[in-house]
Amino acid sequence: MDGIIKILYDMSASMILPTTAAFVIAAIGLNVHFGFTGLLNMGQAGFMLIGAYGFAISIGAGLPFWAAFFIAIFAGIAFALILGIPTLQLRGDYLAIVTIAAAEIIRMVGRASILNDITGGSNGLTGESFRNPFAEMSLFGDGQTQILWFEFDNTGVNGWWSRAVTWFMVFLFAAIVWLLMRSPWGRVIKSIREDEDAVRSLGKNVFSFKMQSLVVGGVLGAIGGVMFILPTSLQPDAMGRNMTFLIWTAMLLGGAATIFGPILGSIVFFALRLMVQGTMRLIVPDAWMNIQQTEQFSWIMVGVALMLLVIFRPQGMIGNKKELNFNV
Amino acid sequence: MPTQDIAISLTDVDKRFGGLRAVKNVSMEVRAGERVSMIGTNGAGKSTLFNLIAGVFPVTAGSVSMFGSVVTKQNTAKRARNGLARTFQTSRLFEQLTAAENVFIALGGRGLGWKSIFPASRLAQKWTRVAQLLHTVGLSTEGDRRVADLSHGEQRQLELAMALAADPKILMLDEPAAGFSPAERQQLVAMLTALPADITLLLIEHDMDIALQVADRVIVMHDGSKILEGTPDEIRASQVVRDIYLGGGHA
C-alpha cells in the first residue's frame, strides 16, 4: 500500500516539477517547428543547450539575470539562422540531418576539455554558479509552504518560486503561440506545412516564413534550456539526443499542431514513465530486474510508445488526424 | 523582340527531365490582354510549359520574358509578385484551412508578415475583398467551410478565387474545368469571358468547347512541340488537330 502511495506521490510531484515545465516550453517550440510549419527539427535539445550555455556562462561572467536571459535568446536566434540559411531552401529531410548533427556539435564542443574554464567540460556547470540571481528575484521570501500534499521551500533550489515562474512561462508561451497561429502570419505558416510549392506560386517568400518559424521555436527551445538548468545544474549530456526524442515523444503524445498538446503530452509522459518504473519496482522481484534495470526498462518503453504512437495514433491525445500527416 | 505589350514571351525553350525531352524548342508570344488556349493530348508538354512560365523549374535552354523583362532566372514567388497567377492541374489547396482563409493567404500585398500578429483594422478590408472573390466564383456561402469538406467542383472554383486574389496581370489556368458538371462548365465560361479585359489569360483545357469558346487564339501542342497556332475557327477546321484527337496519323 505504501508503495502505491509513493508511486502516486512521485507521479503527481513530477507533474509540477520546474524541469517538466522547462521541457514543455521546449516542446511548444518544437510544435511551432513541426506541428505548425512542418519543419523536421531533430535537434531541439541543441537549442536548449545553447540557451543554457548562453545563460550560465553570462551569469558566470558577472552579467545580471536579464542580460544573461537575453543572451540566451540571442544564442537561440543565431543558432536558428545558422541552421536555417543553408537548409531551409532544401527538402525537409536535410533540415532533420543538419539539426541532429548541429545539436551534437554543440554538446561535443561544450564537453571539450579545452573549454573546461568556460563550459566546465563534460562535468558541466554547477547550479550555484548561475542560479543565485534568479533566486534573489523571488517574491516568495523564505520558509516552506504546503499546498495539497506538496511541501517545498518557498524560494530554495527547487522550490515554489521556480515552479511558479516556469509554469507561468508555459502558459504565457502557449497563449503567444495561440495568438500567432490564428493570425494571418500563422495561416501562411500552416499553409506552408500543407503545400509549400502552392504557397510559392501565390508569391510568398516561403524561405523567409520558414526562417521566422525556426527562430520562434528555437528561442522557445533556448528559454526552455535556461529554465531546465535553473533548478538543477548544466549537464551537457542531459540535453543530448535523448532529450530531443523525449520532446518529440511528449509532443506527439499530446498532439502536434495543437496548443495544449505539448503541455498535456509532457505531463502525462513523465507521470506514465514513473508509473511504469514504480510498478515494475513493486511487482518484479529484484532477482529478475534490479532498480537500475527497471529504470532502463521504463526508458525502453518510451521508445516502444513513440513507435506505436506514430503508427496507430499520429494525432496524439487531442490532435486532429487530418491535420497531421507524416509525408515529408 | 519582347516589349511591354507582350505579356509572355518564350524563345527557343527546351526542358529535359533526365533522358525525357518534355518541351522541344518552343517559341511563343502572348500579347497583354489576349486570351490563349493551349490544347493537346496528355503528355504533350502543356503543363510542363506552364511550370516553366511560372518558374516552378528552370528551363534547360531558351529564355522566358514577362512584359518585356527577362525572368528566366527569377523564382516562382518573384514572378507571382510581378503579376503572374496560376492554378494547378490537380488542386493544390490548404485543406485544413477554411475556404476564406485560403483566399486570404492568396491576397497580394502586405499584411501577412510579422506585423499581422497584431490585430489591425486594415484586415477588415482584406476580409471584404475575400468575400467579394468568393462571390465572383460562386462560393459566397462556403467561406467558413474547411477545404477538405468542399466538393471537387467547389475546390476548383476556390482555386480560381485564389488565382484572382492577387489581382494578376497574367492568369494561367491548368484544366480549370476538370471534373466539372455541364452546368459548372457554363458558369466557368461565363466567368472567364467576364474577366477584366486587361488580364492576359493562358488556359490549358481538354474540353474543346471551353478552349475554343474562351480563346482569341489557340496553340496546339504535341509531343513537346508547338505544332499549330491559329484562331478557334482555324483550329476547328484543322485536319491535324482532328488526327491528334481522333487517333489519326500523329498518334
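Here the residue numbers are simple positions, counted from 1 along each chain's written sequence. All chains are assigned letters beginning at A, and all ligands numbers beginning at 1, according to the order in which they are written. Local features in this predicted model are restricted to residues whose pLDDT is 70 or higher, and side-chain atom pairs enter the listing and the counts only when it is 80 or higher, whereas totals over whole chains, interfaces and linings include all residues. Side-chain calculation: all heavy atoms of the structure are included, whereas hydrogens and water are not.

Regarding the interface of chain B and chain A
Heads up, the condition is: Contact between two residues is taken to exist if any of their heavy atoms lie within 4.5 Å; hydrogens are not considered. For any pair of parts, buried area is found by adding up, for both, the accessible area (1.4 Å probe) each one loses once the two are put together. Every case where a carboxyl oxygen of Asp or Glu lies within 4 Å of a side-chain nitrogen of Lys or Arg is listed as a salt bridge. As used in this structure description, the phrase polar contact means that two N or O atoms lie within 3.5 Å; if the pair is within protein, one of them must be able to donate a hydrogen and the other to accept it, and residues adjacent in sequence are counted only when both atoms belong to side chains. Secondary structure elements are taken from DSSP: a helix is a run of H or I of four residues or more, a strand is a run of E of two residues or more, and numbering for both begins at the N terminus. Under the scheme applied, nonpolar residues are Ala, Val, Leu, Ile, Met, Phe, Trp, Tyr, Cys and Pro; charged residues are Asp, Glu, Lys and Arg; polar residues are all the others, including Gly.
At the junction of the two partners, chain B supplies 28 residues and chain A supplies 26 residues. Here chain B packs against chain A, burying approximately 2,300 Å² in sum over the two surfaces, 66% of which is carbon and sulfur. Counting the contacts that link chain B with chain A gives three salt bridges. Put simply, Asp195(A) and Arg92(B) hold a salt bridge, and the shortest N to O gap is 2.4 Å. Across the chain B-chain A interface, the total number found is seven residue pairs in polar contact (both at pLDDT 80 or more). When contributions to the side of chain B that touches chain A are tallied by element, the ones reaching two or more residues are α2 (76-81), β6 (84-86), α3 (99-106) and α4 (122-136) of chain B. Within the side of chain B that touches chain A, the residues separate by chemical class into 16 nonpolar, five polar and seven charged.

What about the packing of α3(B) against helix α5 (residues 152-165) of chain B?
Residues and elements named next belong to chain B. Applied cut-off: Fitted lines through C-alpha atoms serve as axes, helices being fitted only where they are in contact, and the angles separating the N-to-C directions of these axes extend from 0 to 180 degrees. Angles below 35 degrees are treated as roughly parallel, those above 145 as roughly antiparallel, those between 65 and 115 as roughly perpendicular, and all remaining angles as oblique. Each crossing gets its hand from how the near helix is turned against the far one by less than a right angle, where anticlockwise is left-handed and clockwise is right-handed.
Across the interface, α3 lies against α5 with an axial gap of 8 Å and an inter-helix angle of 25°. It follows that α3 is roughly parallel to α5 by the angle criterion. The two elements α3 and α5 meet at a crossing, and its hand is right-handed. Residue-level inspection shows Ala99, Asn102, Val103 and Ala106 of α3 in contact with α5, the latter providing Leu158, Ala161, Met162 and Ala165. Grouping the amino acids of the contact of α3 with α5 by side-chain chemistry returns seven nonpolar, one polar and no charged.

Things to note about helix α14 (residues 291-312) of chain A
Residues and elements named next belong to chain A. The test is simple: Expected helix span is given by 1.5 Å per residue-to-residue step, counting one fewer step than there are residues. When a residue's accessible area, from a 1.4 Å probe over protein chains only, is under 20% of the maximum for its type it is buried; when over 50% it is exposed; and in between it is partly exposed. Note: the arc covers the axis-to-C-beta directions of the helix.
With 22 residues, α14 should reach 32 Å at 1.5 Å per residue; the first-to-last C-alpha distance of 31 Å fits that figure. Residues of α14 that are buried include every one of Thr294, Ser298, Val302, Leu306 and Leu309, and no others. Within α14, the buried residues cover an arc of 145° as seen down the axis, which keeps them to one side. In α14, the exposed positions angled more than 90 degrees off the buried face are occupied by Gln292, Ile300, Met307, Ile311 and Phe312. For α14, the elements touching its buried residues are α12 (241-254) and α13 (261-283). At the N-terminal end of α14, a side-chain oxygen is found 3.2 Å from the backbone nitrogen of Gln292, two or three residues along, and the residue is Asn290.

With respect to the packing of aromatic side chains
Ring pairs (aromatic) are described by centroid distance and by the angle formed between their planes. Our working definition: Classification of ring pairs uses Phe, Tyr and Trp, with its six-membered ring standing for Trp, and accepts pairs whose centres are within 6.5 Å; under 30 degrees between planes counts as stacked, over 60 as edge-to-face, and the remaining range as tilted. Look at NZ for Lys and CZ for Arg. If either is within 6 Å of the ring centre and within 35 degrees of the ring normal, a charge sits over the ring.
For the structure shown, the criterion picks out 21 aromatic pairs over all chains. Between Tyr9(A) and Phe150(A), the ring centres sit 5.9 Å apart and the planes meet at 45°, which makes this aromatic pair tilted. Within this pair, whereas Tyr9(A) is found in helix α1 (residues 2-15), its partner Phe150(A) is found in strand β2 (residues 150-153), the two being separated by 141 residues in sequence. With a relative accessible area of 6%, Phe150(A) lands in the buried category. Look at Phe65(A) and Trp66(A): their rings are 5.2 Å apart centre to centre, the planes differ by 85°, and that puts the pair in the edge-to-face class. Feature note: the residues Phe55(A), Phe65(A), Trp66(A), Phe69(A), Phe70(A), Phe130(A), Phe134(A), Phe140(A) and Trp161(A) constitute an aromatic cluster, connected by ring pairs. Over the aromatic face of Trp299(A) sits the side chain of Arg273(A), whose NZ or CZ is 4.1 Å from the ring centroid. Across the ring face of Phe88(B), the terminal group of Arg92(B) is positioned such that the distance to the ring centre comes to 4.7 Å.

So, the sheet that holds strand β4 (residues 61-66) of chain B
All names here are of chain B. Put simply, the rule is: Pairing between two strands requires that DSSP report at least two bridges joining them.
If you trace the four strands from one edge of the open sheet to the other, you get β2-β1-β4-β5, paired in antiparallel fashion. Two strands in the sheet have a free side with no partner beyond their single neighbour: β2 (20-31) and β5 (69-70). In this sheet, β5 lies alongside β4 in antiparallel orientation, the contact comprising two bridges. When the sheet's bridge partners are listed, Ser65 is paired in β5 with Val70. Sheet strands in contact with helix α1 (residues 46-54) are β1 (6-17), β2 and β4, and its direction is about 115° off that of β1.

Regarding the packing of helix α2 (residues 18-37) of chain A against helix α3 (residues 44-60) of chain A
Residue and element names in this part refer to chain A. Two numbers describe how α2 lies on α3: the axes approach to 10 Å, and their chain directions differ by 130°. The orientation of α2 relative to α3 falls into the category oblique. Handedness of the crossing formed by α2 with α3: right-handed. Here Ala26, Gly29, Leu30 and His33 of α2 lie close against α3, whose contacting residues are Gln44, Phe47 and Met48. When grouped by side-chain class, the residues that make up the contact of α2 with α3 number four nonpolar, three polar and no charged.

Examining the sheet that holds strand β10 (residues 225-230) of chain B
Residue and element names in this part refer to chain B. One open sheet accounts for six strands, arranged β6-β7-β8-β3-β9-β10; its pairing is mixed. A strand with exactly one partner marks an edge of an open sheet, and here the two such strands are β6 and β10. Pairs of neighbouring strands in the sheet enclose a mean axial angle of 20°, with direction left out of account. When β6 meets strand β7 (residues 170-174), the two strands line up parallel, connected through three bridges.

Here we look at the domain arrangement of chain B
Residue and element names in this part refer to chain B. Note the following rule: Either an automatic procedure or a domain database provided the assignment from which the domain bounds are taken.
Each assigned domain of chain B is listed here: domain 1 (1-83 + 168-251) and domain 2 (92-167). Just the C-alpha atoms count here: the centres of domain 1 and domain 2 sit 26 Å apart. Contacts between domain 1 and domain 2 engage 16 residues on the former and eleven residues on the latter. For the domain 1 and domain 2 pair, buried surface summed over both sides reaches about 960 Å², with 69% attributable to carbon and sulfur atoms. The largest per-residue losses of area from domain 1 upon contact with domain 2 belong to Pro168, Phe180 and Met191, which jointly make up 48% of the total buried on that side. Counting the contacts that link domain 1 with domain 2 gives zero salt bridges. Between domain 1 and domain 2 we count three residue pairs in polar contact (both at pLDDT 80 or more) in total. Mapped by element, the contributors of at least two residues to the side of domain 1 that touches domain 2 are β7 and α6 (182-193). Per-element tally for the side of domain 1 that touches domain 2: the top contributor is α6, with four residues. Of the residues in the side of domain 1 that touches domain 2, the class split is ten nonpolar, two polar and four charged.

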